[in-house]
Amino acid sequence: MPDTGVPGAPRPKPGPKPKIVRFGKADIPAVVELEKQCFSVPWSRKQYEAVVDNERFHVFGLVEQGAVIAYITFFAADWEMEILNIAVHPGRRRRGLGQHLLGHVLQLCRGMGINRGYLEVRRSNVAAQGLYAAFGFEEVGVRKRYYPDNKEDALVMRLDMDPEPSPDS
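Residues numbered from 1 in each chain as written. Predicted model: local features only at pLDDT ≥ 70, side-chain atom pairs only at ≥ 80, totals over all residues. Heavy atoms only, no water.

Asks: Would you take a moment to explain the layout of surface pockets for this structure?
Replies: Once rolled over the atoms, a probe with the size of a water molecule shows which space is left empty. Taken as a whole, the largest pocket holds about 1,400 Å³ of empty space. In this structure, the largest pocket is lined by 42 residues; those nearest its centre are F39, I86, N125, A128 and Y132. Put simply, the parts of the chain that give the lining of the largest pocket at least two residues each are α1 (28-38), β4 (80-88), α3 (97-111), β5 (116-122) and α4 (126-134). Broken down by element, the residue count for the lining of the largest pocket peaks at seven residues, all from β4. Split by residue class, the lining of the largest pocket holds 23 nonpolar, ten polar and nine charged. (1 Å grid on protein atoms, 1.4 Å probe; cavity = no way out; pocket = protein on both sides within 12 Å on 5 of 7 lines; lining within 4 Å. Points joined across faces, edges and corners; volume = space filled by probe spheres on them. Helix = DSSP H or I, 4+ residues; strand = E, 2+ residues; numbered from the N terminus. Nonpolar A, V, L, I, M, F, W, Y, C, P; charged D, E, K, R; others polar.)

Now the structure itself:
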C-alpha cells in the first residue's frame, strides 16, 4: 500500500524499526539532503558544520540500506533541551519513525537529568503537533510570523518530564 502522507489515510504496515544511531560530521551531507526534502527553509551544510562539534548538540538518525531515512536534532544543556528538527523521508512517513526517534531522545534526556523540553512547530503542522502532544508536550506560547518563508506563526510547546531515577534512589 503506498504511503500518501495524508492525515487520516491508511497507514502502511509497520515493519521492524531500524536501529537508532548517533550521527557525526561524516553524516552531515546525508542529513542536509534529507533536510532539503523535508523543510521549506532547510539548514545548510555550513550551519550543521558550525554546531556538530558542540557537545550540547545532538543528532540521531535512522539508516536503512545505507540511506538516512530519518533524523532528530536537539540541544541539551543542564536541565533542559530543545528539539530543533525531526525529519522523516517523505516516502517513509506515517510508519512511526518520528515517534521512535522522539521516544529515544526523550528517554536519553531523562537519563541525562533533563526535566524540561521545548520545541517550535508550524501552526499548520497538525500531524507534528499530534506527535508532540502524544508525548505530553503542551502549547505554551506563540512566536508570531516566525517562519521566514511564509511568515507563519510557530507554536511553542513544552514538556515537563521526570528525570529517570538514579540507581542510588
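Asks: Can you walk me through the packing of aromatic side chains in this structure?
Replies: Note on aromatic pairs: each is described by the distance of the centres and the angle between the planes. In this structure the tally under the stated criterion is seven aromatic pairs. Centroid distance W43 to F57: 6.3 Å. Interplanar angle 20°. Geometry classified as stacked. Taken together, the residues W43 in the loop between α1 and α2 (45-51) and F57 in strand β2 (residues 57-64) connect sequence positions 14 residues apart. Between the aromatic rings of Y48 and F57, the centroid separation amounts to 6.4 Å while the plane-to-plane angle is 65°, which identifies the pairing as edge-to-face. (Phe/Tyr/Trp six-rings, centres within 6.5 Å; stacked < 30°, edge-to-face > 60°.)

Asks: I'm lost on unusual backbone geometry in this one. Help?
Replies: A negative phi angle characterises most non-glycine residues, just as the trans form characterises most peptide bonds. Of note, the phi angle at Q65 is positive, near 50°, even though the residue is not glycine. One non-glycine residue, R94, lies in the positive phi region at around 65°. Secondary-structure assignment places R94 in the loop between β4 and α3. Relative accessible area serves as the criterion here: at 22%, R94 is assigned to the partly exposed category. (Buried < 20%, exposed > 50% of the residue type's maximum accessible area, 1.4 Å probe, protein only.)

Asks: Even after reading the chapter, I still don't get the sheet that holds strand β1 (residues 20-22), so can you show me in this structure?
Replies: Backbone hydrogen bonds are what pair the strands of a sheet, in a parallel or an antiparallel way. Ordered by their spatial adjacency, seven strands build an open sheet running β1-β2-β3-β4-β5-β7-β6, and the pairing between neighbours is mixed. The two strands at the open ends of the sheet, each matched to only one other strand, are β1 and β6 (138-143). Direction aside, the axes of adjacent strands within the sheet are offset by 30° on average. When β2 meets strand β3 (residues 67-77), the two strands line up antiparallel, connected through eight bridges. Paired with F57 across the bridge in β3 is F75. Packing against the sheet, α3 makes contact with β1, β2, β3, β4 and β7 (154-160), and its axis sits at approximately 30° to β3. Together, β4, β5 and β7 form the strand contacts of α4, whose direction differs from that of β5 by roughly 165°. (Pairing = 2+ DSSP bridges. Axes fitted to C-alpha atoms, helices over the stretch in contact; angles between N-to-C directions. Contact = heavy atoms within 4.5 Å.)

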